[in-house]
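Single-letter residue listing:
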Amino acid sequence: MINFLLTCDAYTLSVTVLLVIVVLYWVFEVHYFARTLWCATMCRILKKYVHILDTTSFSSACLTTDVDFLLFHMNNSRYLREVDFARTEFYTRTGLWTAIREKGGLPVQGGTSIRYRKFIRTFSLYSISSRIVYWERDSIYMEHRFVSRGDDFVNAIVHCRQRVINCDVEVLMNELLAKGAKERPGDLQEAPRMKPECPLEIHHWIQANLVSSANLRNGN
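Residues numbered from 1 in each chain as written. Predicted model: local features only at pLDDT ≥ 70, side-chain atom pairs only at ≥ 80, totals over all residues. Heavy atoms only, no water.

1. Re the sheet that holds strand β4 (residues 139-148)
Neighbouring strands of a sheet are bound in pairs by backbone hydrogen bonds; such pairs are parallel or else antiparallel. The five strands are arranged β1-β3-β4-β5-β2 in an open sheet whose pairing can be described as antiparallel. Unpaired on one side and paired on the other, β1 (56-61) and β2 (106-116) mark the two borders of the sheet. Pairwise comparison of adjacent strand axes, ignoring direction, gives a mean angle of 25° for this sheet. Alignment of β2 against strand β5 (residues 154-165), held across 10 bridges, turns out to be antiparallel. Looking across to β5, one finds that G111 is bridged to R161. (Pairing = 2+ DSSP bridges. Helix = DSSP H or I, 4+ residues; strand = E, 2+ residues; numbered from the N terminus. Axes fitted to C-alpha atoms, helices over the stretch in contact; angles between N-to-C directions.)

2. Observations concerning unusual backbone geometry
A positive phi is found at D152, a non-glycine position, where the angle reads about 60°. Mapping D152 onto the fold places it in the loop between β4 and β5. Overall, the relative accessible area of 58% leaves D152 in the exposed class. Phi at N166 takes a positive value of approximately 60°, unusual for a residue other than glycine. Mapped onto the secondary structure, N166 falls in the loop between β5 and α6 (169-183). For N166, a relative accessible area of 63% translates into the label exposed. (Buried < 20%, exposed > 50% of the residue type's maximum accessible area, 1.4 Å probe, protein only.)

3. Considering the layout of surface pockets
In this structure, the largest pocket occupies an estimated 340 Å³ of space. Taken together, 14 residues make up the lining of the largest pocket; nearest its centre are R87, T88, Y91, W97 and P107. A total of five residues in the lining of the largest pocket trace back to one element, the largest contributor, which is helix α4 (residues 76-94). Among the residues forming the lining of the largest pocket, the class breakdown is six nonpolar, five polar and three charged. (1 Å grid on protein atoms, 1.4 Å probe; cavity = no way out; pocket = protein on both sides within 12 Å on 5 of 7 lines; lining within 4 Å. Points joined across faces, edges and corners; volume = space filled by probe spheres on them. Nonpolar A, V, L, I, M, F, W, Y, C, P; charged D, E, K, R; others polar.)

4. Let's talk about the environment of I206
Inspection of the secondary structure assignment puts I206 in helix α8 (residues 200-217). A relative accessible area of 11% means that I206 is categorised as buried.

5. Some details on the confidence of the model for the protein
When the pLDDT values of the protein are averaged, the result is 89; 90% of them are 70 or greater. Averaged pLDDT values over the elements of the protein bottom out at 51 in helix α7 (residues 185-190) and peak at 98 in β4. (pLDDT = per-residue confidence, 0-100.)

6. A closer look at the side chain of N155
Here N155 shows up in strand β5. Accessibility expressed as a relative area gives 2% for N155, which makes it buried. There is a polar contact of 2.4 Å between the side chain of N155 and the side chain of S148. The residues contacting N155, other than those within four sequence positions of it, are R115, Y116, R117, K118, F119, I120, F146, V147 and S148. (Polar contact = N/O pair within 3.5 Å; in protein donor to acceptor, adjacent residues only side chain to side chain. Contact = heavy atoms within 4.5 Å.)

7. Focus on the pattern of salt bridges
Counted by the stated rule, this structure contains 13 salt bridges. When the shortest N-O distance is used, the salt bridge between R193 and D54 registers 3.1 Å. You can see R193 sitting in the loop between α7 and α8 and its partner D54 sitting in the loop between α3 (30-46) and β1, a full 139 residues away along the chain. On the basis of relative accessibility, which here comes to 17%, the residue D54 falls in the buried class. We note a salt bridge from E143 to R131, for which the minimum N-O separation is 3.1 Å. Here the residue E143 occupies a position in strand β4, and R131 occupies one in strand β3 (residues 125-135), the gap between them amounting to 12 residues. Residue classification places E143 among the buried positions, given a relative accessible area of 4%. By relative accessible area, which is 33% here, R131 ends up partly exposed. (Salt bridge = Lys/Arg side-chain N within 4 Å of Asp/Glu carboxyl O.)

Structural data, given as structure tokens:
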């Protein structure tokens, strides 16, 4: 393949590159992978480390590729896609991804709940604030808020359960809390960072998921 590229003329090379790009876009969603890589890279280069219990903010905009057939607001499924990028930023800036992988673990999506309050119009700007609200031995629960630029209105709230495979989340989070205590001692003297109490909506959501799992096991 390399010898072919070195010996072909400019026209053939251009057509070959174009065909490769078309095939890649046909087989994979290149834009999704490229944007995820760009987000992780920019976080490592330009943005500073934040405490595991801090809130990160990911900025984005509703483009024509995000709208539904009515053309004037964001497609419902795009909200969850945007959360992927916001979560990439959170995992990178807090060091959560690195900590999980160092323990041989792997985070997978175990559940998602979204509440739509007001649609996001085409070409409007918004940010996604992400934070950890609770965790159990095998799961991390995160909240993502879609906030409009200008009026700071919360357009949607997403709750996600990140199931962490082959890793004790309690041990993991205690280590990250201890790391934060060493790196930011002044802040922690004023406001100690500890495991948060389970929010009421998360408690009920967990119970609903348990009922759903029981029903599925029973064939309902």
